[in-house]
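A structural walkthrough
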Amino acid sequence: MRIVDAHGHLGRWSAFAIVDGSAASLVRVMDRCGVAVSCVSHLLGVGPDARAGNAALLEALAAHPGRLLGYAVYHPHDPEAPARVRDLLQVPGVIGVKLHPEVHRLPLDDPGYAPAFEIAAEARRIVLAHSEYGSAFSDPSRFGLVAPRWPGLPLLMGHAGLWPGAGHAAAVRAAAKCADIVLETCGSRMTARHLVRLVAEVGAERMVFGSDAVFLDLRVGLGRVLLAELTDEQRRWVLHGTIDRLLARSPGRAPGAATDGSGSAPS
C-alpha cells in the first residue's frame, strides 16, 4: 500500500532530543517503513530563521527528488516573506506553505497570514498549519474562521487540535464548517482509537497521515494507522488517497499521485 507522510520535518529543535534530523536519516527510516514520500518543512525555518531554513529545505529536496516534498515556511513578521514564498512555490517539489501560529505568536486568522493564503491559493498549493486546542493562536476554531475566506484552498489542520477529547471534537466542528479543512493524524497523545473516532466523524477522505518526524518517531505514527480498526478503503484514504488527491491539483505534486482530482476511492 502506498504511504505518503503529509507532515514531517528536517533539522533540530531546542526542546526535543532529535538525534539526527538530516534528510538522509529520514529517508532511511522511510525506506524501512515503506513510506514513499514525506512532505516536510525545515525546523530552522519554523523557528529562528525562515530564510535559512527554507534554503536548507531546497537542498534536501534536490538531494532526494521524489522522496521528499516541501512546505515553504511563511514568517508573518518578515516584510519580504510574501515575495520569498511566492518564489519558493515555483521550485519543483515545493507543494505548499507551512504556518506555525504558536511559534510566530500570531493568530491563524490574523491579517498577517493573509498573503500566505492568497499566494498558496493563486499557486494551487496546500497550506499546513499547526493547531492546538485552547491556544490563542491556533485553536481549531480559527481554522473555521479563516478557511471560508479562501474557498478551494486545502487547509491541513496539523495535529487535529492536538489534544484528544475536547481538541479532537473542536477539530471536527471546524471541519464541518468548511470542506477545505482536512485533519491530520500526528500527535504524541493520538492513538488508534482516536483515529477511528475521527474517521467516523469526518470521513477518511478528509484525513491525512502525518508523523511529525523528526519531532516524533515516524514508525509510531505509522503504526497507529496500520493497526487501527479501519476498513482497507479507509486506511488507503488516510495513508495516501486524501493527500494524493490534494497534491494532484499542484504542479509540485508527488510522483504517482492521481491527476484527475476526482474523489474516487484510492487503489
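What comes next concerns the included structure. (Residues numbered from 1 in each chain as written. Predicted model: local features only at pLDDT ≥ 70, side-chain atom pairs only at ≥ 80, totals over all residues. Heavy atoms only, no water.)

Focus on the layout of surface pockets
Over the atoms rolls a probe the size of a water molecule, and in doing so it shows where empty space is left. As a reminder of what qualifies: Here a cavity means grid points, on a 1 Å grid over the protein atoms only, where a 1.4 Å probe fits yet cannot get out; a pocket means an open set of points with protein on both sides within 12 Å along at least five of seven lines; lining residues are those with an atom within 4 Å of a point. Grid points are joined across faces, edges and corners, and a volume is the space filled by probe spheres set on the points. Here a strand is any run of E in DSSP of at least two residues, a helix any run of H or I of at least four, and the numbering for each starts at the N terminus. All residues other than Ala, Val, Leu, Ile, Met, Phe, Trp, Tyr, Cys, Pro, Asp, Glu, Lys and Arg, Gly among them, are scored as polar; the first ten of these are nonpolar and the last four charged.
In this structure, the largest pocket encloses a volume near 420 Å³. Forming the boundary of the largest pocket are 20 residues, of which F16, H100, H130, H159 and D212 lie nearest the centre. When contributions to the lining of the largest pocket are tallied by element, the ones reaching two or more residues are β1 (4-10) and α5 (101-104). In this structure, the second largest pocket encloses a volume near 250 Å³. As for the second largest pocket, its lining consists of 13 residues, of which D20, V29, V214, L216 and D217 are closest to the centre. Of all elements in the fold, only α1 (23-33) and α10 (218-227) reach the threshold of two or more residues within the lining of the second largest pocket. Of all the elements, α1 adds the most residues to the lining of the second largest pocket, at three residues. Its residues assigned to classes, the lining of the second largest pocket shows nine nonpolar, one polar and three charged.

Topic: α10
We count it as follows: The buried label goes to any residue with under 20% of its type's maximum accessible area, the exposed label to any with over 50%, and the partly exposed label to all in between, with areas taken from a 1.4 Å probe on protein chains only. To obtain the arc, one takes the directions from the helix axis to the C-beta atoms. Contacts are assigned to residue pairs that have any heavy atoms within 4.5 Å of one another.
When α10 is considered as a whole, its buried residues turn out to be L218, G221, L222, R224 and V225. Buried residues along α10 cover an arc of 155 degrees about the axis, so they all sit on one side. Of the residues in α10, the exposed ones pointing more than 90 degrees away from the buried face are V220 and L227. Looking at the buried residues of α10, the elements they touch are β1, α1, β2 (37-42), α9 (192-202) and α11 (232-247).

Here's the deal with the environment of R224
We apply this condition: By the criterion applied in these results, polar contacts are pairs of N or O atoms within 3.5 Å in which, for protein atoms, one can donate a hydrogen and the other can accept it, and in which residues neighboring in sequence qualify only through two side-chain atoms.
Relative to the assigned elements, R224 resides in helix α10. It is 26 Å that separates the C-alpha atoms of R224 and H64, two residues lying 160 residues apart in sequence. Within the local environment of R224, its side chain forms a polar contact with the backbone oxygen of M190, the two atoms lying 3.0 Å apart.

A few points about the pairing of strand β7 (residues 181-184)
Which entries qualify depends on this criterion: Pairing between two strands is assigned when DSSP locates at least 2 bridges connecting them. Looking down the strands as they point away from you, a crossover is right-handed if its path from the first strand over the helix to the second goes clockwise.
Of the two faces of β7, the one carrying I181 and L183 and the one carrying V182 and E184 are both buried. Pairing between strand β6 (residues 155-158) and β7: three bridges, direction parallel. Its bridge partner being in β7, L155 is matched across the sheet by I181. The handedness of the β6 to β7 crossover, carried by helix α8 (residues 166-177), is right-handed. Pairing geometry for β7 and strand β8 (residues 207-208), over two bridges, is parallel. In the strand pairing of β8, E184 is matched with V208.

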